[in-house]
Amino acid sequence: MISFGVLTTYFIVVLGLMLIPGPATLLTLARSVSGGRRVGLATGLGIASGDLFHTIMATFGLSALLATSALAFEIVKYAGVIYLIYLGFKAFIEKAESLDMPAAQAITAQRAFRQGFFTEILNPKTALFFLAFLPQFIHPESGSVIGQFALLGAIFVGLSICVTSLLAVGAGSIGGWLRRNRSVGRWQGKVVGTIYVALGLRLALQQQ
């Protein structure tokens, strides 16, 4: 299956992206502050379920592509590299803004879960990210492609649940820190952009 080195790189990159304040992070924190820990946990689980949906779609779609043509799969991988580098440069040069949690009304845990889930699955940018990101760690010569996708997807969803759960539990402290340090948004884009560009360049050079 996937080598330990590839899994380690994948784990570090995914964890790094999740720990940087983004829409999912801020929504989970806002829901936790307004509705309590249970609502925050439900929001995080909804977001993670949406990520699982995108993983399944990418797995079966790209696995079918590989079964049809190995060359087409390689083209998708290189297109993904270009897309990741594009996202990186875009995030890096975007005008820095202060980071604020969105306003959120108190709602039930069930509704919070549904909103988190549908917000994630209906976001075309998320779908494109999964299509570009996951194939970079897939190596057909290492065994079952579906098995590799399933493992990477499970790691992604598992980390998403862990991170959002910690955010929900520590929402008061983390939210307070973000409110006191609104300028965190000024370096957010630079960090995300650096990760995307570095990942894209590393993978592009590795594949040559």
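Report follows, based on the coordinates. Please read all numbers here as calculations on a predicted model, not as lab measurements.

Turning our eyes to something else, we now look at the overall build of the protein. Counting secondary structure elements, the protein contains 9 helices and 0 strands. The helix and strand sequence of the protein, counted from the amino end, reads α-α-α-α-α-α-α-α-α. Sorting the 208 residues of the protein into buried and exposed places 43% on the buried side. Here the contacts in the protein between residues at least 6 apart in sequence split such that 85% fall between residues at least 24 apart. In the form shown here, the protein has an accessible surface area of approximately 10,600 Å², with 69% of it arising from carbon and sulfur atoms.

Bringing the side chain of Thr-43 into the picture now. As for its position among the elements, Thr-43 is in helix α3 (residues 37–68). Residue Thr-43 is classed as buried on the basis of its relative accessible area, which comes to 1%. Thr-43 has contacts with Leu-27, Thr-28, Arg-31, Ala-112 and Gly-116, leaving out every residue within four places of it along the chain.

Moving on, we come to a nonpolar patch on the surface. A contiguous nonpolar surface patch, about 540 Å² in accessible area, is contributed by Leu-52, Phe-53, Ile-56, Met-57, Phe-60 and Ile-146. Of all the elements, α3 adds the most residues to the nonpolar patch, at 5 residues. With respect to the helices and strands, the residue Phe-53 is situated in helix α3.

Moving on, we get to helix α2 (residues 23–35). Compared with an ideal rise of 1.5 Å per residue, which puts 13 residues at 18 Å, α2 spans 18 Å between its outermost C-alpha atoms and is within 8% of the ideal. Buried residues of α2: Thr-25, Leu-26, Thr-28, Leu-29, Ala-30, Arg-31 and Ser-32, and no others. Backbone geometry just downstream of α2 places Gly-36 in the positive-phi region, at approximately 100 degrees.

The next thing to look at is the nonpolar core. A general trend in soluble globular proteins is that nonpolar side chains are found buried together. With 30 residues, the main nonpolar core has Tyr-10, Phe-129, Phe-133 and Leu-134 as its most contacted residues. Where this core is concerned, the elements lending two or more residues are α1 (4–19), α3, α4 (70–93), α6 (124–133), α7 (145–169) and α9 (184–207). Ranked by residues supplied to this core, first place goes to α7 with 7 residues. Excluding anything up to four places from it in sequence, Phe-133 contacts Tyr-10, Val-13, Val-14 and Leu-199. If you look at the next biggest cluster of nonpolar residues, it comprises 5 residues, including Val-39, Ala-42, Ile-107 and Ala-109.

Note that an α-helix has 3.6 residues per turn; residues three or four places apart therefore point the same way. Helix length check: α4, at 24 residues, gives a terminal C-alpha distance of 35 Å against a target of 34 Å (1.5 Å per residue), a fit within 8%. The set of residues buried in α4 consists of Phe-73, Lys-77, Gly-80, Val-81, Leu-84, Ile-85, Leu-87, Gly-88 and Ala-91.

A few words on the packing of α2 against α3. The contact between α2 and α3 brings their axes to 6 Å, and the two run at 155 degrees. In terms of orientation, α2 and α3 fall into the roughly antiparallel class. Here α2 and α3 pass one another in a crossing that is right-handed. For the pair α2 and α3, the contacting residues are Ala-24, Leu-27, Thr-28, Arg-31, Ser-32 and Gly-35 in the first and Arg-37, Val-39, Gly-40, Thr-43, Gly-44 and Ile-47 in the second. By residue class, the composition of the contact of α2 with α3 is 4 nonpolar, 6 polar and 2 charged.

What counts and what doesn't
- Counting restarts for each chain: residues are numbered from 1 in the order of the written sequence.
- Predicted model: local features are reported for residues with pLDDT of at least 70 only, side-chain atom pairs are reported and counted for 80 or more only, and whole-chain, interface and lining totals are derived from all residues.
- For the side-chain quantities, the full set of heavy atoms in the structure was used; hydrogens and water were omitted.
- In this text, helices come from DSSP runs of H or I with a minimum length of four residues, and strands from runs of E with a minimum of two, each type numbered from the N-terminal end.
- Burial classes follow relative accessibility: with a 1.4 Å probe on protein chains only, a residue under 20% of its type's maximum area counts as buried, one over 50% as exposed, and anything between as partly exposed.
- Residue contacts are counted whenever heavy atoms from the two residues lie within 4.5 Å of one another.
- Note that accessible areas follow from Shrake-Rupley with a 1.4 Å probe, and for residues the cover is restricted to the protein chains shown.
- Residues with no salt bridge and a relative accessible area higher than 30% make up the patches, which join like charges within 9 Å and nonpolar side chains (Val, Leu, Ile, Met, Phe, Trp, Tyr) within 5 Å.
- A pair is scored as a salt bridge if a Lys or Arg side-chain nitrogen falls within 4 Å of a carboxyl oxygen belonging to Asp or Glu.
- Multiplying 1.5 Å by the helix residue count minus one yields the expected span of that helix.
- Buried Ala, Val, Leu, Ile, Met, Phe, Trp, Tyr and Cys residues that are joined via side-chain atoms within 4.5 Å together make up what is termed a nonpolar core.
- What counts as an axis is a line fitted to C-alpha atoms, over the stretch in contact for a helix, and the angles between N-to-C directions run from 0 to 180 degrees.
- Angle categories: roughly parallel below 35 degrees, roughly antiparallel above 145, roughly perpendicular from 65 to 115, and oblique for all the rest.
- Helix crossings are classified by the rotation of the near helix relative to the far one: an anticlockwise turn of less than a right angle makes the crossing left-handed, while a clockwise turn makes it right-handed.
- Amino acid classes used here: Ala, Val, Leu, Ile, Met, Phe, Trp, Tyr, Cys and Pro are nonpolar; Asp, Glu, Lys and Arg are charged; the rest, including Gly, are polar.

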